[in-house]
Each structure stands twice: as C-alpha cells, then as structure tokens.
Amino acid sequence: MKGYSSENIRNIALLGHGGCGKTTFLEAVLFETGVTKKQGKVEEGNTVSDYDKMEIEKGYSINTSIIPVEYKNTKINFIDTPGYFDFVGEVNAALRAAEAAVIMVDAGSGVQVGTEAAWKACERYGTPRFFVVNKRDKDEVDFDTTLAALQAKFGTKVVPLSWPLSADIDDSIKEAIAESDEALMEKYFEGEEFTEDEIKSGIVKGISEGNIVPVCTTLFQMGQKTEGILDLLVGCTPNPLEHGTYKGTNEKGEEIEKKASKDGAVSAFVFKTIADPFVGKISVMKVITGKLESGADIYNVRAQKSERLGKLFLLRGKEQIEVPSAEAGDIVAVAKLQYTQSGDTLCDKNDVVSYQALEVPSPTYFVAITAADKNDEEKMGTGLARLREEDPSFVIERNTETRQTLMGGQGDIQLGIISSKLKDRFGVSIKTVPQKIAYRETIKGTSDVQGKHKKQSGGSGQYGDVWIRFSPSQQEFEFEEDLFGGSVPKNYVPAVEKGLLECMDRGPLAGCKCVNIKAVLHDGSYHEVDSNEVSFKIAASLAFKKGIVEANPCLLEPIMHLDITVPDDYTGAVMGDMNKRRGRILGMEPQMGGGQKLMAEAPQSELFDYALVLRSMTQGRGQFTMSFERYEELPKQLADKVIAEHAAEEEK
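Computed from a predicted structure; not experimentally measured.

Colleague: Looking at this model, I keep getting lost on the overall build of the protein chain. Mind explaining?
Modeller: Looking only at helices and strands, one finds 16 helices and 34 strands in the protein chain. Taken along the three principal axes of its C-alpha coordinates, the protein chain extends 105 × 60 × 50 Å. Taken across its 652 residues, the protein chain has 52% of its residues classed as buried. Across the protein chain, every contact between residues at least 6 apart in sequence was considered, and the portion connecting residues at least 24 apart equals 71%. A total accessible area of about 30,000 Å² is found for the protein chain, and carbon and sulfur atoms account for 47% of it. Here the protein chain contributes 77 positive and 101 negative side-chain charges, whose respective centroids are spaced 6 Å apart.

Here it is as structure tokens:
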C-alpha cells in the first residue's frame, strides 16, 4: 500500500449493536475494492476483521481491528469495534482515533441498545456520524420505518441522504444546510434553490459540526455496491487535519491544545495494544503531528523513557503491511515497544506533549478466581497482566482481608473471553469461587475481664496477668491504661497494647477484622522473675478473646452506594428489585434527555450479580456506578450463618 498524505486519509469508526452487520459490511468493501477475491462470512469464520480464534468460535467481534482500504485515491482506515456492551472500552478507544463514525443499524431490529450506546459515545466525543441501515432483505422491513424510528429517537438532525448529491434533496436536508450558514439561511427563506456546491459544502459543514446526521442504506448482503457509502465518507467526512484540537499537557504539566499537523515535531497516541502470542506486544497508534518513521527514537511521556521504534506496519486484520513512515492522521502499528501501554503518548523529547489518557470504564461486575491447578497461580498472574495490556477495561485485585483474587469488568461475556484467552494463550485454566465479604466485628456492650498467662516448666517461667475493660469506641481502636500501685510495671504496658492490636486483625466470631473497640488496662499482677513482654502480650490476647465475647459482639457488613441511571419505563422494576436486595432508594433525579438517576444503598453481599440483572431488567439500557459507603450491623440470622460457616472452615 502506498503512502498517503493527511488530506487523503479518513479514519472511520464502525459502531453498532452486536450482529448488526459491521463485519459483513467490511467484507463487501474489501471485496469491491479488490483487497479480497472472495467475500468472507462471519458464520464461516473467514472474515478479515474477525480473525482471532475466539471471534471465530463465538461468531462475533471481541477486539477492535483496523481495516485500511484504498478508494479513489483516498485511504480509509476503518476501525471495526465489537457491538456488545461488555466491550465499551474498545469503542471509547476507537473514537479517540476516528474523525467520523458509521453507526450500522439492523433494519429488522431498528434502534437497539447498541445503537443508543454508539450515539451517546459519539455525542460524548463530538464525533460526526452516519447511520447505515442494513439487512433490508426481508419483506416486512422497509427503510422509511427504520428512518422514522431513528428520527423519533435521535431528533430531526437525522436526515436521509443518498449519493450522488443533487439539487432534488429532502426538505429536512435543505433546512439543515440552511442552518450551517447565514447567507444560505436567507436564501432558503426566500425560496431560492441551492447550487450543487452550496449543497455539498453545507452538508459537509453540517456533518462536521454534528448538525446533520445522514441516514444511508445498502443491501450489500444481496450484492448491492457499497460505493455510494464510500463516496459519502470520502466526500463528506473531515480529514485528520480538520479534526478539532487535541487536549493534553506539556512538560510542565500545563494544559495545552494541539492541532493535527503534518509539520513540526512528531507526536502519536497509542489507542490499542494487541498481545500477539507470536510477535509479542503490538502498539497501535494514531499519528497526531509530524511524521513517524521506522527506526526513530521517540519519547514515552508517561514512562519517561525513550523507545526505539522497530519497523512500522499497517494492520489489516491479522495481515501486517510494512511501511517506512506514517504522516499525521494515519494509523500505524509497532511491535515490541518496551515501556508503552494503551493510552500513552509518544513524542519528540524536545517538544513534549501528553494527550489525554484513554477513557476506561470502571468495572461493575466482579468474580473471585483461582487457578484450577494451584501450581499455576504465578502463571495466572503473569498471563492476566499481559491480557490487561490488551484490554485495560478489566482489572485484577487482591483482597488482602478475604485473601481472594478478584477479576472485574463490564459483564460475564468479557470475563468469559478473558478466561478463554488465558487458557488458549498461556495454558492456564481458572475457575470462579464464591466471593467472600470483608465483614467486620465489633461490640455493642461492655465487659471487664482478666487475661492471665502462667507457664512453669523448669527454669524461668512465663507470667502475665491483666484486667481490661472493653467498650465501644468511635475510633477504630482506642487504648488507655488506668493502673495504680504498680500492679503492672509501665514497661509492660506497650506489650499489652501490642497484644491487643494483633488480636484486632482476627475477631472471635468469624475471624474478621475488629473495629470501634476501646480497651482500658486497669489492673493486673506480675512476677519479679517470670514476667516479660511476651507473657503480657499473651495475657492481653486471652483477655481480648474473652472480653469481646462477653461485650455483646456483632458482625458488620459493607454497605455500598449506587447511582443507577435507567429509562423511565424501567424505574419501577429497578426500585422493586433494590428492595428485594435489602436496599433502599435514597432519591431520584430526572436526567437531561430522559430517564432517571436513582440513588440507592444496599449491602455488598446482595450486589454480586447486579450488573447482569440490571442489564437484563432494562434490556441493556440501565447503567450504574458503585462505591463503598459504610459498615452496618448484619442481621442476626445472616450473622449466625456466617459464623457457622467460619466455624466449619476452622474445623477442616
């Protein structure tokens, strides 16, 4: 493939609900532009963009893939994204590299949740977009019905458009064109016809500013050409130099904005990493300014390290096409960079810029995992770390209290794919185990107990004797001494406090961390020869175990705060479900553009499956964020169960 100047490059993200035909559309484009000799099919597992073993097995896209095609002296970099919600991080990354987006719509299904999600993502990034209505090969499906549904959902700026443009266009388009320029508005109101140049420039400006969203259609499944859509993309979408400014910071951390430019120092943004089992790590980047060349030294701002670039290559699915350089606006890949991760900026060390990091969605669904073979624990950690380079939208956390490894992401599909990749690429099988809760133990009453340790076995013995009062406290742990008459020498008091503190990590009810306890050492005794610090530590621990049990102990459970955004139609169902989870609704706020935000609280133990249930309950339209709020007493019947389970584990 020859090199292209920035003006002759178009970067187009392909978005839409899973199964709407994005990959099939690309196959038609590749066939028509002569890249392939035969049009691949998803069901046959032979498409260019869905080349990963998992994608072939599953029959849907999992990874973003880059598919460049040459059309009428223009290079179009299609960025094909997965359609399922679990892979929203891939969509965010694709839009950081695109100047425009095509949202594919299945005419038979109409506006789906993936259509809405794609629209919202384009709104968030200010991305010009097209709708392409697809799958009209059924008798009961027609374009006008789908157009009406799109306009009802997304507004009057959604207008039908076909190529080539002519003066005989829809009134809605004429009105949108008029709004792009004052002179055209005056001409429109005076009833004058627009010239072809005015129509084209008005449409281009309207699309670029987001005031016109064209709706096109094709029947590429039945052999209809895609050239009309390609013509629109080439003729009506911004080239990389026409993209808005890129926000970032300079070497001093000051906020700056950069305009894409062929001139000046080079800078590039890494929006995708591929963990290739044969080649190693592949970094996919968009050149923002200057010219990127093979073999150059380039500075990684986050890592504060220089990287030596190897050979540059274009990706077309799994195919690698070597190129000597890439101009501003182009998308290129480099293998085996040592320090570089997704979201990094690479630039000239003498002109440092760090572009905004990738927007990575926070995980909402967690599972506890362990290696199926205990000997593979280390390999599991290494493999998951490698996969995180490829998909930073999932996390691995180690809960030190429950001693569990947690894997978190957007849903069960994503985590299932990660598990499959781990086994396929790194030979490690993992299994999920019941997730444990980090309960707390505290007391509601008071006690005054003796802890006495006495041991004599020939020679010097051990002797420690303490009386300690226990009561609730607002602090996590509070220790005082109220001794008189030298009953316990002052030099042993720190040992008593240390012995109590060590016991706070493992309470007597269920082995959980203890909190909000005050301990007052007020009496005791000692032996001139046998007393020592160890003896008083042991005596304090004996007093703790006895004193907590006698002070009306209880278990506390973590309570989470949730902000749940749902369409109005689902509000009642979501509120009812929250009540079943021992939760409570704290309030509601109507949202701009419709829907409600529900503020709620619920115990963590009731929320393990909430991401999946909310998605099912709202047909994928509900979203939520969750954060820790506080601890509350666990109801007795549930506490008894937790204590009994702990006792059973201790007996094993």
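Colleague: Explanation requested: the packing of aromatic side chains in the structure shown.
Modeller: Centre-to-centre distance and the angle between the planes together describe a pair of aromatic rings. This structure, assessed with the given rule, holds 11 aromatic pairs. With a centroid separation of 6.5 Å and an interplanar angle of 25 degrees, the aromatic rings of Y188 and F194 are classed as stacked. By relative accessible area, Y188 is classed as partly exposed at 26%. Classification of F194 by relative accessible area gives buried; the value is 7%.

Colleague: Got a minute to help me understand the pattern of salt bridges in this structure?
Modeller: A side chain of one charge can pair with a side chain of the opposite charge if their charged atoms are brought near each other. Taken as a whole and judged by the stated rule, the model has 37 salt bridges. Across the pair R425 and E390 runs a salt bridge, and its minimum N-O distance is 3.2 Å. Of this pair, R425 sits in helix α11 (residues 412-426) while E390 is found in helix α10 (residues 377-390), placing the two residues 35 residues apart along the sequence. Residue E390 is classed as buried on the basis of its relative accessible area, which comes to 6%. E401 is the salt-bridge partner of R440, the closest N and O atoms lying 2.4 Å from each other. Note that R440 is positioned in strand β25 (residues 440-443) and E401 in the loop between β22 (395-399) and β23 (404-409), a separation of 39 residues in sequence. A residue is classified by how much of its surface remains accessible, and R440, at 11% relative accessible area, is buried.

Colleague: Quick question: what am I supposed to make of the packing of helix α12 (residues 493-504) against helix α13 (residues 533-550) here?
Modeller: When two helices pack together, their arrangement is given by the angle between the helix axes and by the axis-to-axis distance. Taken N-terminus to C-terminus, the directions of α12 and α13 make an angle of 45 degrees; their axes are 7 Å apart at the nearest point. In terms of axis orientation, α12 runs oblique to α13. The two elements α12 and α13 cross, and the hand of that crossing is right-handed. The segment α12 lies against α13, with A495, V496, K498, G499, L500, E502, C503 and M504 engaging E533, F536, K537, A540, S541 and F544. Across the contact of α12 with α13, the residue classes break down as eight nonpolar, two polar and four charged.

Colleague: I'm lost on the sheet that holds strand β7 (residues 213-217) in this one. Help?
Modeller: The strands making up a sheet associate through backbone hydrogen bonding, with each pair oriented either parallel or antiparallel. An order of β2-β3-β1-β4-β5-β7-β6 is seen for the seven strands of this open sheet, with the pairing classed as mixed. Two strands lie at the open edges of the sheet, namely β2 (65-71) and β6 (158-160), each paired on one side alone. Going across the sheet, the axis of each strand differs from the next one's by a mean of 30 degrees, ignoring polarity. Packed onto the sheet, helix α9 (residues 227-236) meets β1 (9-15), β2, β3 (74-80), β4 (100-106), β5 (129-134) and β7 and runs at close to 105 degrees relative to β3.

Colleague: Can you help me understand the side chain of T237 in this one?
Modeller: Mapping T237 onto the fold places it in the loop between α9 and β8 (246-249). Looking at T237, its side chain comes within polar contact range of the main-chain oxygen of L233, at 2.3 Å.

Colleague: Could you clarify how one ought to interpret helix α15 (residues 610-617) in this entry?
Modeller: Think of an α-helix as turning once every 3.6 residues; residues three or four places apart then point the same way. Of all the residues in α15, the buried ones are Y610, A611 and L614. Projection of α15 onto a plane perpendicular to its axis shows the buried side chains occupying an angular sector of 100 degrees, all on one side. As for α15, its buried residues are in contact with β21 (365-371), β31 (553-566), α14 (571-580) and β34 (623-633). Positive backbone phi, approximately 55 degrees, marks Q619, located one or two places after α15.

Colleague: Please clarify how the pairing of β2 should be interpreted in this entry.
Modeller: Summarising burial for β2: six of the seven residues are buried, a large majority. Relative to β3, β2 runs antiparallel, the two sharing seven bridges. Note that in β3 the partner of P68 across the bridge is N77.

Colleague: Mind showing me how you'd approach unusual backbone geometry here?
Modeller: Across residues other than glycine, the phi torsion is negative in most instances, and most of the peptide bonds are trans. One non-glycine residue, N73, lies in the positive phi region at around 60 degrees. For N73, a relative accessible area of 45% gives the class partly exposed.

Colleague: What should I look at first to understand the layout of surface pockets in this one?
Modeller: Gaps left between atoms show up when a probe the size of a water molecule is rolled over them. Of the volumes computed, that of the second largest pocket is approximately 930 Å³. Lining the second largest pocket are 29 residues, with K436, I437, Y439, V642 and E645 sitting closest to its centre. Per element, the largest residue contribution to the lining of the second largest pocket is seven residues, and it comes from helix α16 (residues 636-651). Across the lining of the second largest pocket, the residue classes tally to 10 nonpolar, six polar and 13 charged.

Colleague: Would you mind showing me how to read the sheet that holds strand β19 (residues 345-347) here?
Modeller: Strand order in the open sheet made by the eight strands is β14-β13-β19-β10-β11-β18-β15-β16, with antiparallel pairing throughout. Unpaired on one side and paired on the other, β14 (305-308) and β16 (319-323) mark the two borders of the sheet. Within this sheet the neighbouring strands show an average axis-to-axis angle of 40 degrees, counted without direction. Against the sheet, helix α3 (residues 88-97) touches β10 (267-276), β11 (280-289) and β18 (331-335), its axis set at about 145 degrees to β10.

Colleague: Could you clarify how one ought to interpret the nonpolar core in this entry?
Modeller: A general feature of soluble globular proteins is that nonpolar side chains tend to end up buried together. L15, F131, L150, V158 and V284 are the most contacted members of the largest nonpolar core, which totals 47 residues. It is α3 that provides the largest number of residues to this core, a total of five residues. Residues in contact with V158, not counting those within four places in the same chain, are W119, F131, L147, L150, Q151, V213 and V215. One finds I67, V102, V132 and I212 within the second-largest nonpolar core, a separate group that totals 38 residues.

Colleague: Sorry, what's going on with the side chain of K421 here?
Modeller: With respect to the helices, strands and loops of the structure, K421 is situated in helix α11. What makes K421 buried here is its relative accessible area of 7%. When neighbours within four sequence positions are excluded, K421 is seen to be in contact with M54, I62, N63, L387, E390 and F426.

Colleague: It is not clear to me how α10 should be interpreted in this structure. Could you clarify?
Modeller: Taking 1.5 Å per residue, 14 residues should reach 20 Å; α10 reaches 20 Å between its end C-alpha atoms and fits that length. Listed as buried for α10 are M380, G383, L384, L387 and E390. The arc enclosing the buried residues of α10, seen along the axis, measures out at 100 degrees, which places them on a common side.

Colleague: Where do I start with the environment of N375 in this structure?
Modeller: Mapped onto the elements, N375 comes out in the loop between β21 and α10. As a C-alpha pair, N375 and V428 span 53 residues in sequence and 10.0 Å in three-dimensional space.

Conventions and cut-offs
- Residues numbered from 1 in each chain as written.
- Predicted model: local features only at pLDDT ≥ 70, side-chain atom pairs only at ≥ 80, totals over all residues.
- Heavy atoms only, no water.
- Helix = DSSP H or I, 4+ residues; strand = E, 2+ residues; numbered from the N terminus.
- Buried < 20%, exposed > 50% of the residue type's maximum accessible area, 1.4 Å probe, protein only.
- Contact = heavy atoms within 4.5 Å.
- Areas by Shrake-Rupley, 256 points an atom, 1.4 Å probe, with all protein chains shown as cover.
- Lys, Arg positive; Asp, Glu negative; His and termini not counted.
- Charge placed at Lys NZ, Arg CZ, Asp CG, Glu CD.
- Phe/Tyr/Trp six-rings, centres within 6.5 Å; stacked < 30°, edge-to-face > 60°.
- Salt bridge = Lys/Arg side-chain N within 4 Å of Asp/Glu carboxyl O.
- Axes fitted to C-alpha atoms, helices over the stretch in contact; angles between N-to-C directions.
- Parallel < 35°, antiparallel > 145°, perpendicular 65-115°, else oblique.
- Left-handed = near helix turned anticlockwise from the far one by under 90°.
- Nonpolar A, V, L, I, M, F, W, Y, C, P; charged D, E, K, R; others polar.
- Pairing = 2+ DSSP bridges.
- Polar contact = N/O pair within 3.5 Å; in protein donor to acceptor, adjacent residues only side chain to side chain.
- Arc of directions from axis to C-beta.
- 1 Å grid on protein atoms, 1.4 Å probe; cavity = no way out; pocket = protein on both sides within 12 Å on 5 of 7 lines; lining within 4 Å.
- Points joined across faces, edges and corners; volume = space filled by probe spheres on them.
- Core = buried A, V, L, I, M, F, W, Y, C linked by side-chain atoms within 4.5 Å.
- Expected span 1.5 Å × (residues − 1).

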